[in-house]
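# Fold and contact review
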Number of protein chains: 2
Amino acid sequence: MCELLGMSANVPTDICFSFTGLVQRGGRTGPHSDGWGIVFYEGRGFRTFKDPDPSCESPIARLVQEYPIKSQAVISHIRQANRGNISLENTHPFTRELWGKYWTFAHNGQLTDYTTLPVGSRRPVGETDSEYAFCWLLNAMETRFPTPPDNKLEVFRYIATLCDELKHKGVFNMLLSDGEYVMAYCTNHLYRITRKAPFGHATLIDEEVEVNFQEETTPTDVVSVIATQPLTLNERWLRMKPGEYGIFYLGEQVETNSQELIHVPFAEKKPGNQAPSEPL
Amino acid sequence: MCELLGMSANVPTDICFSFTGLVQRGGRTGPHSDGWGIVFYEGRGFRTFKDPDPSCESPIARLVQEYPIKSQAVISHIRQANRGNISLENTHPFTRELWGKYWTFAHNGQLTDYTTLPVGSRRPVGETDSEYAFCWLLNAMETRFPTPPDNKLEVFRYIATLCDELKHKGVFNMLLSDGEYVMAYCTNHLYRITRKAPFGHATLIDEEVEVNFQEETTPTDVVSVIATQPLTLNERWLRMKPGEYGIFYLGEQVETNSQELIHVPFAEKKPGNQAPSEPL
């Protein structure tokens, strides 16, 4: 399995704190040592850092932790390989262009019976079920909307129906972004939190790091973080339900199919067991 | 204008030495301070580092200089903006998928009358003539070869004819790679060098760095470097002619349309004027 991390914010925000928690799970506090990657959008462009080596040992991951790159939409992933060997072409996130925008995708889970899904001219480069699913999504999006609709939420609602199809093929927790919107789709493990004023303190589960968000923010900042497992001890993360999707824009969740909020009790710090390994 | 740097090698080779020379021209010894980028292929995958800030000041560029990432195909670019503002989406190289492979492109020059060239569904994200030309190349390649021919050189020969068309629209010095082959096309400024045994010493023009390639290589290593301007003082760089192309594979130039080799005299070190600014 793998772990996902996504962020949506209303002002350019760095993700150093959350990313520092995540990378520990890439070989130190978690088993996800088969590569990692992160994509930061800036305007219509993006920058990406990737490594097929464990994130906890990567000099590139250290740079990303220490060099505050500010972005309003971020997608990150640490990998524990199942389908596809350990290599750069199989390292998430994947980014492709559609409608003159860069779309970025990362997946946690495993699919079966996916190789007959039509991908058109969008061929996978690596061997993962994840990249294949991304190619299928893009091909279906372009087929359904040869030009993108004015109301972009229509696109994401359509993507949610596609994700519902993939749900029947296995575990499909996903993060997807076009640089403006960040979409999360859950089949079993995905948590979200929206931070806004009044900001408090937070302590990472996986590393002895505490942050006082009040010192790092202004009162109008809104930042949502989506992750496979909660990253902090003393905050309320909301667990997403199977089949639930959330669409985030400028830090806020602007649409979801969920009526129900599942509050997660504060996580307990158990050294050595902070990031549960998933059986899938 | 901009500067290009490409490498093809028969064994995974780091480009720290050449890149160290190039980044100085990104704001210190040269005027190309409007961003920089580099793509390293590893297997079928790649990793890329980009920054719209000057390369000579970039912590990310420093990492790339200090952390030896070994690759057999590299494309890099430092930018002095002409078409398109300074932003990440306008920062070269550009990478897109075609035929299940990642293609990477960087351009030095300026084009006119290019916006009517058909790009099909491969829409540019930024505003540069360069990215537009890349989209046109990919669209033409896919139209001409719905599936890639067995002899890959056929593709590159076809690309050369496309480049000949672009040559009539302005200055078009280009580097292009699919991760196996590296292609260089010249309209005015492009130099190349192939290093093989017996290896010697080389000294950068733009920085007080000397390397003894004999200590860094084995006797069977072959590495070709292509650059807008020679990067070293005491080596023979070959100047490419207008309309000349070279296709490099595993370090060797395996095809060119040039019969004639133009030997360049050893460069002279003139502090402060090492990397001439181009008027175009």
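Look up: the structure comes first, before these words.
Residues numbered from 1 in each chain as written. Chains lettered and ligands numbered in written order. Predicted model: local features only at pLDDT ≥ 70, side-chain atom pairs only at ≥ 80, totals over all residues. Heavy atoms only, no water.

### What to know about the overall build of chain A
Note the cut-off: The way it works is that DSSP assigns letters per residue, a run of H or I at least four long becomes a helix, a run of E at least two long becomes a strand, and they are numbered from the N terminus. The globule rule used for comparison is 2.2 Å times the number of residues to the exponent 0.38, while the radius of gyration itself is calculated over C-alpha atoms. Exposure is judged per residue with a 1.4 Å probe applied to protein chains only, and the accessible area is read against the type maximum: over 50% gives exposed, under 20% gives buried, and values in between give partly exposed. Only heavy atoms enter the contact rule, under which two residues are in contact if any of them lie within 4.5 Å. For accessible areas, the Shrake-Rupley method is used with a probe of radius 1.4 Å. Any residue's cover is judged against the shown protein chains and nothing else. For the purpose of charge, His is not counted, nor are the chain termini; Lys and Arg are scored as positive and Asp and Glu as negative. Taken as the charge location is NZ of Lys, CZ of Arg, CG of Asp or CD of Glu.
What chain A contains, in helices and strands, is 5 helices and 16 strands. The C-alpha atoms of chain A give a radius of gyration of 17 Å, which matches the 19 Å a tight globule of 280 residues would have. Each principal axis of the C-alpha distribution contributes one length, and for chain A these read about 45 × 40 × 35 Å. Within chain A, the proportion of its 280 residues that are buried is 62%. Taking as baseline every contact in chain A between residues at least 6 positions apart, the subset at least 24 positions apart corresponds to 72%. Looking at chain A as shown, the accessible area adds up to about 10300 Å², and 50% of this sits on carbon and sulfur atoms. Charged side chains in chain A number 26 positive and 35 negative. The centres of these two groups are separated by 3 Å.

### Details of the interface of chain A and chain B
So the rule is basically this: Accessible area that two parts lose when put together, evaluated with a 1.4 Å probe and summed over both, is termed the buried area. The salt bridge criterion pairs a side-chain nitrogen of Lys or Arg with a carboxyl oxygen of Asp or Glu, the two atoms within 4 Å. Throughout this description, a polar contact denotes any pair of N or O atoms lying within 3.5 Å of each other; where both atoms belong to protein, one of them has to be capable of donating a hydrogen while the other can accept it, and for residues adjacent in sequence the pair is counted only when both atoms sit in side chains. Ten residue types, Ala, Val, Leu, Ile, Met, Phe, Trp, Tyr, Cys and Pro, are classed as nonpolar, four, Asp, Glu, Lys and Arg, as charged, and the remainder, Gly among them, as polar.
Listed as interface residues are 31 residues of chain A and, on the opposing side, 32 residues of chain B. In this assembly, chain A packs against chain B so that about 2800 Å² is buried in total across both faces, 56% of it on carbon and sulfur atoms. It is Leu88(A), Arg123(A) and Val125(A) that lose the most area in chain A upon contact with chain B, and together they represent 20% of the buried surface on that side. Applying the counting criterion to the chain A and chain B interface returns 4 salt bridges. For Arg96(B), the salt bridge goes to Glu97(A), with nearest N and O atoms at 2.8 Å. On the surface where chain A and chain B come into contact, there are 15 residue pairs in polar contact (both at pLDDT 80 or more). At 7 residues, the largest contribution of residues to the side of chain A that touches chain B is made by strand 3 (residues 45–51) of chain A. Its residues assigned to classes, the side of chain A that touches chain B comprises 14 nonpolar, 4 polar and 13 charged.

### A short note on the sheet that holds strand 14 (residues 245–249) of chain B
Residues and elements named next belong to chain B. What counts here: Pairing between two strands is assigned when DSSP locates at least 2 bridges connecting them. Every angle, taken between N-to-C directions, lies between 0 and 180 degrees, and every axis is a line fitted to C-alpha atoms, over only the stretch in contact when it is a helix.
Read from one edge to the other, the open sheet built from 6 strands follows the order 5-6-7-8-14-15, with strand pairing classed as antiparallel. Strands with a single pairing partner mark the edges of an open sheet, and in this sheet they are strand 5 (94–98) and strand 15 (252–256). Here the average twist between neighbouring strands, direction ignored, is 25 degrees. Taken together, the 5 bridges between strand 8 (residues 181–185) and strand 14 define a ladder with antiparallel strand orientation.

Scope: geometric values only; no functional claims are made or implied.
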